[in-house]
Amino acid sequence: MIELKKEGILLDKTEREFENEGVLNPAVIQEGDTVHVFYRAVRKGNHSTIGYCRLDGPTTVAHRNDTPLLFPDHEYESRGMEDPRIVKIDDLYYLTYTAYNGINAFGALATSPDLKNFERKGIMVPQITYEDFHRMAECNVNLNIKYKRFYILYDINTRYTQNVLLSDKNLMLFPRKINDKFYFLHRIRPDIQIASVYTLEDLTEDYWKDYLMHFDKHILMGSRFDHEISYIGGGCPPIETKEGWLLIYHGVHDSVEGYVYCACAALLDLDDPTKELARLPYPLFRPDLDYEIRGEIHNVVFPTGTALFGDRLYIYYGAADTRIAVASLSMKELIAELLNHKI
């Protein structure tokens, strides 16, 4: 087992209107000893914007904006910009987030040269109905029954009258190109999928049709252990190590008190990240403290960003969908433990 320290709450909700219901699930990018945090800020009524704070070191808040840094500017994100992640590739920052319009949730992208001025690039993932998804994805193979279980939550009349489309969230890019291609993770429940393109402009309707016709080839990871048996999803952007890409993700299992969200860890091949090399057979950490157990949604730890100081890896996560907390551990210990659980 890995020795992990829970550092405590980093940010909590305030009386400011834009974050008076919760702060959670932050994008994090480190530059030297400075850590930039772009967090989901929720006001009453479940309307989300993106707030910003700057840390000196891993846990000391040096500055926190009193207004949102980013707020909905298009119909597809009219009810919220949720759960951001961020990476830097070459000289450009790529901030991905879930765009929510009150009905549909899609992975979207904004870019910035300076972390101050962001340009919306729109929705990156396919925009199709659940019926079209299943028709294409099952033309060559039978999918896990859970793919249907999640979409039949909507009755057929609701799907058509409200234009309910396939939910595709937890979008995040790898922090560099691999073999000249952008790689990214996304999540159509219950699994984590992976995609790659030479340019982001290649993400056309035809691209996604071909992708979905061979959907089973793009499923990177599915549930394997009891703590993630319900479904899994991407967490923090992958971290490059000599042994492979370290992926901190979330795993969900059902309980008598509802879903429980845990933080999990896996290792992907450095040159071919479609290959999973190792996975911990137990949670990296789970909700066990009061601020993780009780909140807007109980029993949630939802990792979305990291920073590395020496050998210490700091993991930033949403706690009970209400506040942001931090946990830390030895990177060397984590990699060594993963290598003990090769697939």
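Up top is the structure these notes are about.
In what follows, the accompanying structure is described. (Residues numbered from 1 in each chain as written. Predicted model: local features only at pLDDT ≥ 70, side-chain atom pairs only at ≥ 80, totals over all residues. Heavy atoms only, no water.)

1. Details of the sheet that holds strand β21 (residues 323-330)
Part 1: The antiparallel open sheet is built from 4 strands, whose spatial order is β1-β21-β20-β19. The sheet is open, and its two edges are formed by β1 (4-11) and β19 (301-309), each paired on a single side. Taking each pair of neighbouring strands and ignoring which way they run, the sheet shows an average axis angle of 25°.
Part 2: Of the strands in this sheet, β19, β20 (312-319) and β21 are in contact with helix α6 (residues 331-339), which crosses β21 at around 75°. (Pairing = 2+ DSSP bridges. Helix = DSSP H or I, 4+ residues; strand = E, 2+ residues; numbered from the N terminus. Axes fitted to C-alpha atoms, helices over the stretch in contact; angles between N-to-C directions. Contact = heavy atoms within 4.5 Å.)

2. Things to note about helix α4 (residues 205-213)
Part 1: Those residues of α4 not exposed but buried are Tyr207, Trp208, Tyr211 and Leu212. Burial along α4 is one-sided: seen end-on, the buried residues are contained in an arc of 125°. Every exposed residue of α4 that faces more than 90 degrees away from the buried side is listed here: Glu205 and Asp206. (Buried < 20%, exposed > 50% of the residue type's maximum accessible area, 1.4 Å probe, protein only. Arc of directions from axis to C-beta.)

3. A look at the pairing of β20
Part 1: Counting buried positions along β20 yields 7 of 8 residues, so the element is predominantly enclosed.
Part 2: Here β19 pairs with β20 via 8 bridges, running antiparallel. Paired with Leu308 across the strands is Leu313, a residue of β20.
Part 3: Hairpin connection from β19 to β20: 2 residues lie between these consecutive antiparallel strands, with Gly310 at a positive phi of about 65°.
Part 4: The sheet contact formed by β20 and β21 spans 8 bridges and is antiparallel. Note that in β21 the partner of Tyr317 across the bridge is Ala325.
Part 5: Counting the residues that bridge the hairpin from β20 to β21 gives 3 residues, and of these Ala320 lies at a positive phi of roughly 55°.

4. Quick word on the pattern of salt bridges
Part 1: Under the defined criterion, the tally for this structure stands at 17 salt bridges.
Part 2: In this structure, Arg40 engages Asp83 in a salt bridge whose closest nitrogen and oxygen atoms are separated by 3.1 Å. With Arg40 in strand β3 (residues 34-43) and Asp83 in strand β6 (residues 80-89), this pair connects stretches of sequence that are 43 residues apart. For the pair shown, Arg40 and Asp83 are each scored as buried.
Part 3: Arg224 is the partner of Glu276 in a salt bridge, and the nearest nitrogen-oxygen pair spans 3.9 Å. Taken together, the positions of Glu276 in strand β18 (residues 276-279) and Arg224 in the loop between β13 (219-221) and β14 (231-234) put the pair 52 residues apart, joining distant regions of the chain. (Salt bridge = Lys/Arg side-chain N within 4 Å of Asp/Glu carboxyl O.)

5. What to know about the sheet that holds strand β12 (residues 192-197)
Part 1: The 4 strands are arranged β10-β11-β12-β13 in an open sheet whose pairing can be described as antiparallel. Where the open sheet ends on each side, the last strands, each with one partner, are β10 (169-173) and β13. Averaged over all pairs of adjacent strands, the angle between strand axes in this sheet comes to 30°, irrespective of strand direction.
Part 2: Taken together, the 5 bridges between strand β11 (residues 182-187) and β12 define a ladder with antiparallel strand orientation. The partner of Phe184 across the bridge, within β12, is Ala195.
Part 3: Packed on one face of the sheet, α4 meets β11 and β12 and runs near 135° to β12.

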